[in-house]
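Coordinates in review
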Amino acid sequence: MSMKKKYKLFVFCVLLGGSGLLHAQESSAWSVKGFVDTYHAVRSQKSCDFMSSRTRVRGELGRILGKSSVFVSLNATYNAILKNRSGFELREAYLDHSEDHWGLRLGRQLVIWGAADGLRITDLVSPMDMTEFLAQDYDDIRMPVNALRFFAYNEFVRVEAIAVPVFQGYVLPVESENPWCVLPQNLPLPVVWKPAERDFKLADAEYGGRVAFTLPGIDFSLSGLYTWNKMPVVQYVPSTTEIAASPKHYRMGFVGADISKPLGQFVLRGEAAYNIDKHFSYKPEAMTQPQQGFGSLNWLVGVDWYAPAEWMVSAQFSTENIFGYKDCIAQEKNNMLATLHVSKKLLNSTLQLSDFTYFDVSNTGWFSRFAADYALSDQIHLVAGYDWFGGDKGIFSIYKDNSEVWVKAKYSF
């Protein structure tokens, strides 16, 4: 570990230790919590090589001062497979202030919109960390952003205005040593990731808002955002020595809505967004054609069943329909995706068995994550699972050789 990383880790430990002392002296004002977790995964076929091996310390510090509060979340990570992912990270750091009918949240924070589970319809503010694709907890895949948020509310309505001054896109796995690399492999020439340098301007800021209604027996919201397509359009340009993969981000907007309705043991959910001027990657043979934006409708319906005996079943179906579709677009005109989530608690709720499956209806591909989570105590959880990939087309087919067995241990403090 370099001296710079050691220094950052030292500062991290000092912050935790100092906050712990304050917590002991002034418990009513300070809160300190966090966890230590370790995760290891091995490919279940062919070479049985390690797919992941990482250990992390998360510290969360908070203090309430009257109507204001501050929250800081920090990670210190050692990644044995991807060395550049080791180090110190300031995950969240924001200030909250609340009055009777309005409030502010300023700083680095997670922004969660919509009613979908594990799918992005209107939840387009926070980008995604796809370093290990979906083989991570979803809370770790969603990334925080530097944002300014203003809220106005009463008992039934909550209005939110948001501005994100500096654009952040997806983090994609582009290193050849990463088994989740999205770049083409086994080509005659090496593929080199060449992102363009970006000048951050005020005109590039994202902004929008959301109005959420909490009424007797139903919740719904309306939202809109002028943003960027955070998943880049990648253009491949060959030369005599290499193939340059150039990611490009384009402006887009959306207007959307979501709704949630409980009915006894069931909760019905729906969400939709009309995307304005959204750009899509083109097929390889159409790479030289100029890019253009399209309108698309992305919608979802879902149902959750909180069944007796601590069963839970959730199903979702979503599709994106591209208007004015052209054959040069790599994505299908109507791209359909379904999910199924089933969980069951056993042994006085100390053991939870669960499975979350994505099924690409358009391309007949899938990703299914099974997990068995045993609570050894209130603080210690031991987890084991299996990730199963399959398909001949679509995004999941890229990883059909990446099915893996994994184990995880987590201590919360």
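Residues numbered from 1 in each chain as written. Predicted model: local features only at pLDDT ≥ 70, side-chain atom pairs only at ≥ 80, totals over all residues. Heavy atoms only, no water.

1. Comments concerning the overall build of the chain
- Secondary structure assignment for the chain yields two helices and 21 strands.
- Its C-alpha atoms give the chain a radius of gyration of 22 Å, within 12% of the compact-globule value 22 Å for 413 residues.
- With respect to the three principal axes, the spread of C-alpha positions in the chain is 65 × 50 × 50 Å.
- Counted over contacts in the chain with a minimum sequence separation of 6, partners at least 24 positions apart contribute 55%.
- Within the structure as shown, the chain displays about 21,100 Å² of accessible surface, and the carbon and sulfur contribution to it stands at 62%. (Helix = DSSP H or I, 4+ residues; strand = E, 2+ residues; numbered from the N terminus. Rg over C-alpha atoms; globule rule 2.2 N^0.38 Å. Contact = heavy atoms within 4.5 Å. Areas by Shrake-Rupley, 256 points an atom, 1.4 Å probe, with all protein chains shown as cover.)

2. Looking at the pairing of strand β5 (residues 102-109)
- Of the strand pairs in this sheet, strand β4 (residues 87-98) and β5 are connected by six bridges, and their pairing is antiparallel. Paired with alanine 93 across the bridge in β5 is arginine 108.
- Taking the residues that link successive antiparallel strands as the turn, the β4-β5 hairpin has three residues.
- As paired elements, β5 and strand β6 (residues 145-153) share eight bridges and run antiparallel to each other. Bridging across to β6, leucine 106 finds its partner in leucine 148. (Pairing = 2+ DSSP bridges.)

3. What to know about the sheet that holds strand β12 (residues 243-248)
- Reading across from one edge, β8-β12-β11 is the order of the three strands in this open sheet, with mixed pairing throughout. Looking at which strands have only one partner, the edges of the open sheet turn out to be β8 (191-193) and β11 (233-238). The sheet shows a mean angle of 30° between the axes of neighbouring strands, taken without regard to direction.
- Note: β8 against β12, three bridges, orientation parallel. Residue pairing across strands places valine 191 opposite isoleucine 243, the latter belonging to β12. (Axes fitted to C-alpha atoms, helices over the stretch in contact; angles between N-to-C directions.)

4. Things to note about the nonpolar core
- One finds Val125, Met130, Phe133, Leu134, Ile162 and Tyr358 to be the most contacted residues of the largest nonpolar core, which totals 44 residues.
- For this core, the secondary-structure elements that each account for two or more residues are β1 (30-43), α2 (138-141), β6, β7 (157-164), β12, β18 (351-360), β19 (365-375) and β20 (380-390).
- Residues within four places of phenylalanine 133 in sequence aside, it is in contact with Ile141, Trp180, Phe389, Ile395, Phe396 and Tyr399.
- Among the nonpolar cores identified, the runner-up in size contains seven residues, and Phe280, Tyr282, Cys328 and Ile329 belong to it. (Core = buried A, V, L, I, M, F, W, Y, C linked by side-chain atoms within 4.5 Å. Buried < 20%, exposed > 50% of the residue type's maximum accessible area, 1.4 Å probe, protein only.)

5. Side note on the environment of cysteine 48
- Structurally, cysteine 48 can be placed in the loop between β1 and β2 (50-65).
- Ignoring any residue separated from it by four or fewer positions in sequence, one finds cysteine 48 in contact with Val42 and Arg43.

6. Quick word on the pairing of strand β15 (residues 294-307)
- Note that strand β14 (residues 266-278) and β15 share eleven bridges and pair antiparallel. Across the sheet, residue alanine 273 finds its bridge partner in β15, namely asparagine 298.
- Strand direction decides the pairing type here: β15 and strand β16 (residues 311-322), joined by twelve bridges, are antiparallel. Paired with leucine 297 across the bridge in β16 is asparagine 321.

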